[in-house]
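Residue-level structural notes
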Amino acid sequence: MELFDRFSKKNKPEEMETPQDNNLNPDDWFWGSFLMNEAKFRHQQNTVKRSSKDEPITLGYIIKELLNISPADIGPMTVVSREEFFGHREKTEIIESQSDVLAFKPFDAIHYVNKKGDTVPRSGMNTVLVISYRPGDIIFENREEKNDKSQLCTDNSIIMFLRGIDPFMHETTYMRVSVMIPNFASPDDFRTSHSKNAPFTTSFVLGFDIVPPEKKLKRYDEIEQSLIEKSNRGEDLSSEEQTVLEGITYSKDLGHDFGYGRWLVTENRFADALMPLMKVYNHLKTSVVTDFDRIHEVFAETCFNLGFCFNGMEQFERAAYYLGLIQGYDRPKYIIEYINSLVNNGDPRAMDIVRHYFSEFNEGKRLIDSEEMAFFYEFLARRLAYLYIEYKRWDKARDLLEQLKESPACHDFAVKELEYINIATSNSI
């Protein structure tokens, strides 16, 4: 991004050509709109898939993939539509079924089908979605058995504002989705400069291809590649390249989100912590490749905390993804949480991974020379015994558990598991 930042300063706004300078015709307006919005679509923090009639984006996709919220935490939704052009009209609709809410297609809010059967975007169409998030009847049921102690998002709402970008939408429609989730902390501290009551906010751009976009996307790729090459050589940009450069957006510093997210994790408020931590992750996931030495530690801690949250919310597959990104660091706390996600998800890799680390202690490659390493060794032993039992390898489990009885930290676990083995094997006779 620094490359684009340097070049944007060189090409000051007053030096750039404007539509008036070139006497652009409507086709040029549509093309310029496409270049600008495609640049916004590609260079946003979130990686968003394209949408089309055959493969439409749904609210369920946005909830799960872009906001990292479990679809199971979603309740009814109210849809408020307001059309500003060609008369002021409003419409309110309530969708009760969770499945219908998740299947809602955002682009249906700004598209209509004309008499010829063509899909046409509606300019000036505003739609607000008010989505019930983590309703009390879902969150408080069996809460004593749940690890997530989040408070801020209970009986909350997700508020989404949908609006088409630019009046010159043609063949591909782009939509800006602005999201706000209220954040009610106790005590009320709105008067402080860093209020924990500040709502979670984010926005992203969606793209809907009304007609196959291959030719336009190929031309866009050529323009962006030319932009990069010219910036490296210090050459002036064409009007098309300037338009693409203008559409490329930047991220703000996310240090506050990182600190606040980690604090929420220490409070076991995992659903609350996901929001700020995902903002940090989306900001760093590209930069960690290009600027590894400077930011890799923050990136690793962000992934660890995300994995810890997903484990606490029993979304083990998602936990394993983020924790798997940082296994190269070879740190016990990263490995422990990764193994927890694999074992709890029934992942077939778990056995080999646990045995690998356990054997390193037995072979002298790792030493029990600190409290951290002692805890790590005992954790591996308990997990290995558990897996032996899961796979009904009773003899190996008994041998290991008899050894663990000698450890004060593992004694109660070993006795309990040996009792389980005795019951399981006697029932199978």
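Scroll up for the structure.
An account of the accompanying structure is given in this report. (Residues numbered from 1 in each chain as written. Predicted model: local features only at pLDDT ≥ 70, side-chain atom pairs only at ≥ 80, totals over all residues. Heavy atoms only, no water.)

Turning our eyes to something else, we now look at the overall build of the protein chain. Summing up its helical and strand segments, the protein chain has 17 helices and nine strands in all. Buried residues in the protein chain amount to 47% of all 429 residues. A sequence separation of at least 24 residues applies to 63% of the contacts in the protein chain between residues at least 6 apart. Accessible surface, the protein chain as shown: approximately 23100 Å² in total, 50% of it carbon and sulfur. (Helix = DSSP H or I, 4+ residues; strand = E, 2+ residues; numbered from the N terminus. Buried < 20%, exposed > 50% of the residue type's maximum accessible area, 1.4 Å probe, protein only. Contact = heavy atoms within 4.5 Å. Areas by Shrake-Rupley, 256 points an atom, 1.4 Å probe, with all protein chains shown as cover.)

On to the side chain of E241, then. Topologically, E241 is positioned in helix α8 (residues 239-247). By relative accessible area, E241 is classed as buried at 5%. A polar side-chain atom of E241 sits 2.5 Å from a polar atom in the side chain of S226. In this view, E241 contacts I223, S226, L227, K230 and D236; residues no more than four positions away in its chain are not counted. (Polar contact = N/O pair within 3.5 Å; in protein donor to acceptor, adjacent residues only side chain to side chain.)

A word on the sheet that holds strand β3 (residues 89-95). Strand order in the open sheet formed by seven strands is β1-β9-β8-β7-β6-β2-β3, and the pairing between neighbours is mixed. The strands lining the two open edges of the sheet, one partner per strand, are β1 (51-52) and β3. Inspection of the sheet shows strand β6 (residues 125-133) paired to strand β7 (residues 156-164) by eight bridges, in the antiparallel sense. The residue bridging S132 from the neighbouring strand is S157, located in β7. Packed onto the sheet, helix α10 (residues 270-290) meets β6, β8 (172-181) and β9 (200-209) and runs at close to 65° relative to β9. (Pairing = 2+ DSSP bridges. Axes fitted to C-alpha atoms, helices over the stretch in contact; angles between N-to-C directions.)

Let us now look at the pattern of salt bridges. In the structure shown here, the tally under the stated rule is 20 salt bridges. Residues D209 and R50 are paired through a salt bridge, measuring 2.8 Å at the closest nitrogen-oxygen approach. With D209 in strand β9 and R50 in the loop between α3 (26-42) and β1, this pair connects stretches of sequence that are 159 residues apart. When its relative accessible area of 8% is taken as the criterion, D209 is described as buried. One salt bridge connects K333 with E301, and the closest N-O pair in it is separated by 3.1 Å. Of this pair, K333 sits in helix α13 (residues 332-344) while E301 sits in helix α11 (residues 292-312), placing them 32 residues apart in sequence. Classification of E301 by relative accessible area gives buried; the value is 15%. (Salt bridge = Lys/Arg side-chain N within 4 Å of Asp/Glu carboxyl O.)

This part covers the packing of aromatic side chains. Using the criterion set out here, one finds 16 aromatic pairs in the structure. Summarising the aromatic geometry, the rings of Y321 and Y322 are spaced 5.0 Å apart at their centres and angled 85° between planes, so their arrangement reads as edge-to-face. Taking the relative accessible area as the measure of exposure, Y321 reaches 46% and is therefore partly exposed. Judged by relative accessible area, Y322 falls into the buried class, the value being 7%. Centroid distance F358 to Y377: 5.3 Å. Interplanar angle 15°. Geometry classified as stacked. Linking F358 in helix α14 (residues 350-362) with Y377 in helix α15 (residues 371-390), this pair joins segments that are 19 residues apart in sequence. (Phe/Tyr/Trp six-rings, centres within 6.5 Å; stacked < 30°, edge-to-face > 60°.)

Turning our eyes to something else, we now look at unusual backbone geometry. For residues that are not glycine, phi is negative in most cases, and the peptide bond is trans in most cases. Although it is not a glycine, D330 adopts a positive phi angle of roughly 55°. Owing to a relative accessible area of 37%, D330 belongs among the partly exposed residues under this scheme. One non-glycine residue, K392, lies in positive phi territory at about 60°. Relative to the elements of secondary structure, K392 occurs in the loop between α15 and α16 (394-404).

We now examine α10. With 21 residues, α10 should cover 30 Å at 1.5 Å per step; its first-to-last C-alpha distance of 30 Å lies within 8% of that length. Along α10, the sharpest kink reaches roughly 40°, centred on L284. A large share of α10 lies buried, amounting to 15 of its 21 residues. (Expected span 1.5 Å × (residues − 1). Bend = angle between axes of the 7 residues up to and from the residue.)

The next point concerns the packing of α11 against helix α12 (residues 316-324). Axis separation between α11 and α12 bottoms out at 8 Å; the angle between their running directions is 170°. Comparing their axes, α12 and α11 come out roughly antiparallel. Crossing of α11 over α12 shows left-handed handedness. Contacts between α11 and α12 involve C303, F304, L306, G307, F310 and N311 from the former and F316, R318, A319, Y322 and L323 from the latter. Here the residues of the contact of α11 with α12 are counted per class, giving eight nonpolar, two polar and one charged. (Parallel < 35°, antiparallel > 145°, perpendicular 65-115°, else oblique. Left-handed = near helix turned anticlockwise from the far one by under 90°. Nonpolar A, V, L, I, M, F, W, Y, C, P; charged D, E, K, R; others polar.)

Of all hydrophobic cores here, the largest spans 110 residues; its most connected members are L67, I158, M160 and L206. Counting residues per element, this core draws most heavily on α10, which supplies eleven residues. If near-sequence neighbours (up to four positions away) are discounted, M160 is found in contact with L59, I62, I63, L67, T127, V128, L129, I131, V177, S178 and V179. (Core = buried A, V, L, I, M, F, W, Y, C linked by side-chain atoms within 4.5 Å.)

This part takes up the environment of I228. Along the chain, I228 falls in helix α7 (residues 214-233). Considering only alpha carbons, one finds I228 and E241, 13 residues apart in sequence, at a separation of 9.3 Å.

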